[in-house]
Amino acid sequence: MKFATVAFYGLALGLLAVGLRELLTGFEENRCSMTYMFEYPEYRRVALPRRVARLYPAYGLYLYGEGLYAQETRALKLTGAPVLFLPGNAGSYKQARSLGSVALRKAENMEAGFHLNVFTVDFNEELVALYGGSLRRQTHFLHESIKAILRLYKDLEDPPRSVVLVGHSMGGVVARALFTLPRFSPHLVSLIITQASPHLAPVLALDTYLLDFYSAVRQRWVNQADDLRNVTVLSVGGGYRDYQVRSGLTSLPCPPGDPSKLSLVATAVPRTWVSTDHLSIVWCKELVLATVRAFFDLIEPETRQFSEDPERRMTVLNHHFIRHPVRMLDETQETSISLLDSPEAWSEVNTLRLTYSTPKEGQAKFFLFALSSRRKGYSHFYCRSNNLEMSSWVYGCTQRNGSLCVRAVDLSMATELLPPYKVLILRLSDLSSVSHLVVGASNFNGKQFTVECEWQRQESQTVPVPVPHVLSFGLTVSDVTVNSSGLLHTIVLQHFHQVYQAFRINVASHCKVQKERLPNVYRMKVPWFREDSLTTVSTPSVTEISGMLHTGHPDNTSAVLLQLHTAPNCQYKVSVRTSFPRVLGQILRFCGPMVPVYTAVTLLLACGGQLSSILRTGRAAHMSQVVGRGLQPHKVDLPVYILHLLLGCSWFQEAWSALRLPSMDALPSTFPDGTLPEGGAPVEEWPRLLSPLLYILGAAVAFWGSTLLRLVLRLISLILAPLHRPSVSRDCGTLRPRTQLLIILSLTIMGGTSCGALSLFTAFLLHLYRVLRLQMTERSLSHMLNLAPQKHKETENGTVDAEGLSKPKECNGAPLLSECVLQEVKDDLQLHLCLSALFTLPIMLSAPSLIHWIRNLRYSTQLDPDPCWPHTVPLLVVYLLLINCNTLKLSNSKLLPLTSRLPLPLTIAMVTFSPLHLYRVTYFLTAALVPLAFSCLL
């Protein structure tokens, strides 16, 4: 093994390790509060009709309860509003306990007596994110569960007409799939809240059933969206802590401008402001509280059930998940300000900035700001306050009596909640009917707070900063110094709109005068998606912010904003550097499915190189050499990129369609608001440009994975060696033709009646046994030859020339104990090591089906549907026929010249059609292995 090859792949493995480390650990610590149960949780099973129980024996429906409530609902006499929790991939129905427990505690504090009945579905913890055969079954069972829940309320005077669904992970996708059922009535579900659900596309498409399921859901919600405008859907992503489902995939694919669909990230949810991993999003107290508060605000007092008004649902969701203003939109907006007989409570402010701290004793206080003198010089009015509990605190005066305002419009609806305080930004051009602004700073309860307000000129407080190039590797820095004369400054990060960009943003604050100030808030605001992140720090401080995106923007017309809610009379220095580790992390986050494709490409080209070596010399090359040469981007990526360019021509598209070829695969779009076409996401250029890097990472996985495979097989052969008699034949571990036929028939029957992946795994183990026997034979021969006399070995090896160098001779007719036989065994071993590495890929891709079958054995002995069955029989034949294959048979085969040329075009097709359809990798491998198996026979 050459040192340069090892060094290159060691560097590639280091890059992959840096990217994985950043992807898996490069985020903030978990700041979610745990949700605890105050009483022992109980899950009351809901009886389903006998027909449903017989069709779905592995599933169940439960009602969550605790303590006295659990006892009261034992007979399932329910009066609350129904909420149904849906677990996701490998999720437990018991995950509903966080939502149910918080709902019970909230109901205890409600004077009106409202309460929720939280149900949960047991989907047997199926791996539906990797095996799509159960998704349609889960959808039908969900439909039956909803009908069973509503039947429990049939004796009420005002029974609920719909059920609110809360879906985690794939449970959210199943919730939306309800509307694809022909017999499902859309009015049964009016509100769906999903948590970390990959709506845009599956994380990994390991079988065709998963993609067909997504295609049906997308067609229903995008192409027939007008029928579902009354269904409100809220999708919440976890943020960067969730490396299993990136938040860009949680964006709802729907037509632009659909008012009843909301997509956002947990870091942007008011009173939450934290990133959650894939599991903690279920129990994160901050997010659970926001969800439960929204549910109780949606209950109508008259019916004690959820509101059927779509506008009210959107109002409530906007209140709790978008801005969290201090009051609901439907509350009165025009008010009369009292205390007309207390002119001492009024103060007119003529300065540009107001800073007011309330005294300890309670008092009434109003500040009056005249608009007439400020309209020309200023564009906005900014105001913030901490600890102010008043729901209405900023008004627009429409009628005055002397120096007092007697009639005003409440402008507090535009308030936005930030972690340390609430903020209101008013555009003066929108206040044409208002003469004065009134800020209420009354503390009747004696609670102290601070109010800061100022007039702002947006142009002077907005600073553009071009971000460094992504290939600057952190060597260049873009910085700007802001001498804060105001309370809000905006840094426009120009040219920052792509997901593969990642920056380290440092903000250093310094104040000349040390005094108590309100905290600073640094907000990364993304205009095209609700994925904002907020950082709260004190002054002075040095803070690092991660500049990364969950979604991209198709052009440079919009850029990320860094809003600095600052302290006045302080200096802030903002420095922006490219973070190369985070760039690698972003590449793996968005293009990770390409790495296993390129791993398969490398191994398939290595197999082709091995066949070419046998064709030229009759000998097999060392496995590390052929795998190291599998990195050939000029032969693979260049034709794929040319195809991509040619598909931009109409004549080539027509020829492509005439041949009935599928469309080129593209990874899911990083744009949040585009409508997806039927064939997949819009094609983006940057993954194509990064394909050489992804190829290098995939080749590194293949190189070091094959090295690890060799080491493991060598170790296992050492353990098994005492159990086998020493062999000196290259035919060790082979099967007789009759035995091969019987095994093929037996495994075919087993695959058809149970699970195709089980048959493949059994055939793989049989081939692995052949490799182990070759490994043991090679070790035995080497040991025996080392013990043989030197003269005997020279005689066996051939004659010695004048310079004393051994001359090789033909191995035909050589004794059993000879270097020739050892070389033959070594050649066969290297050939079968390459085949074993290649055989590992279909086994790994079919592993989810095997796991699903094993976990459901008590309910059914046959996997239905079985995504492995279409290629089970061809692969079984290939695996078992290649057990008897050796280099001598291959070198004498007439099909070998053709077989050795097949891997290259197949790898090109693999890169063209497999990034989104990973299961197609098995088809291309089968297409390469079938001719190889016939080459060993002919």
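Scroll up a little and you will see the structure.
Below is a summary of the structure that appears in this document. Just so it is clear, the structure is predicted and the values come from calculations on it, not from any experiment.

Quick notes on the rules
Residues numbered from 1 in each chain as written. Predicted model: local features only at pLDDT ≥ 70, side-chain atom pairs only at ≥ 80, totals over all residues. Heavy atoms only, no water. Disulfide = S-S within 2.5 Å. Helix = DSSP H or I, 4+ residues; strand = E, 2+ residues; numbered from the N terminus. Buried < 20%, exposed > 50% of the residue type's maximum accessible area, 1.4 Å probe, protein only. Pairing = 2+ DSSP bridges. Axes fitted to C-alpha atoms, helices over the stretch in contact; angles between N-to-C directions. Contact = heavy atoms within 4.5 Å. 1 Å grid on protein atoms, 1.4 Å probe; cavity = no way out; pocket = protein on both sides within 12 Å on 5 of 7 lines; lining within 4 Å. Points joined across faces, edges and corners; volume = space filled by probe spheres on them. Nonpolar A, V, L, I, M, F, W, Y, C, P; charged D, E, K, R; others polar.

Time to look at the state of the cysteines. The full count for this structure, using the stated rule, is four disulfides. Shown here is the disulfide that connects Cys383 with Cys453, its sulfur atoms set 1.8 Å apart. Linking Cys383 in strand β13 (residues 380-386) with Cys453 in strand β19 (residues 450-456), this pair joins segments that are 70 residues apart in sequence. A residue is classified by how much of its surface remains accessible, and Cys383, at 0% relative accessible area, is buried. According to the relative accessible area criterion, Cys453 is buried, its value standing at 0%. The disulfide that involves Cys511 links it to Cys570, with 1.9 Å between the sulfurs.

The next point concerns the sheet that holds strand β6 (residues 191-195). Across the sheet, eight strands lie side by side as β1-β2-β4-β3-β5-β6-β7-β8; this open sheet has mixed pairing. The sheet is open, and its two edges are formed by β1 (41-45) and β8 (261-265), each paired on a single side. If you compare each strand with its neighbour and ignore which way they point, the axes differ by 25 degrees on average. Relative to strand β5 (residues 164-168), strand β3 (residues 81-86) runs parallel, the two being bridged by four bridges. Note on β5: the bridge partner recorded for Leu84 is Leu165. Sheet strands in contact with helix α6 (residues 170-177) are β3, β5 and β6, and its direction is about 140 degrees off that of β5.

Estimates place the volume of the second largest pocket at around 1,100 Å³. As for the second largest pocket, its lining consists of 49 residues, and the residues nearest its centre are Lys525, Val526, Pro527, Arg530 and Asp532. Residue assignment for the lining of the second largest pocket shows that the elements contributing at least two residues are β8, β16 (416-417), β17 (422-427), β22 (488-494), β24 (520-525) and β27 (560-565). Here the lining of the second largest pocket is composed, by residue class, of 26 nonpolar, 12 polar and 11 charged.

Another point: unusual backbone geometry. With an omega of 0 degrees, the peptide bond running from Thr539 to Pro540 counts as cis. By the secondary structure assignment, Pro540 is in the loop between β25 (533-537) and β26 (541-547). Backbone geometry places Phe473, a non-glycine residue, at a positive phi of 55 degrees. Within the fold, Phe473 resides in the loop between β20 (462-466) and β21 (477-484).

What follows is about the sheet that holds β21. Taken in spatial order, the four strands of this open sheet run β21-β28-β23-β26, and their pairing is antiparallel. Each edge of the open sheet is held by one strand with a lone partner, namely β21 and β26. Averaged over all neighbouring strand pairs, the angle between strand axes comes to 15 degrees, with direction disregarded. Pairing analysis gives eight bridges linking β21 to strand β28 (residues 570-578), with the strands arranged antiparallel. Residue pairing for β28: Val480 is matched across the bridge by Val574.

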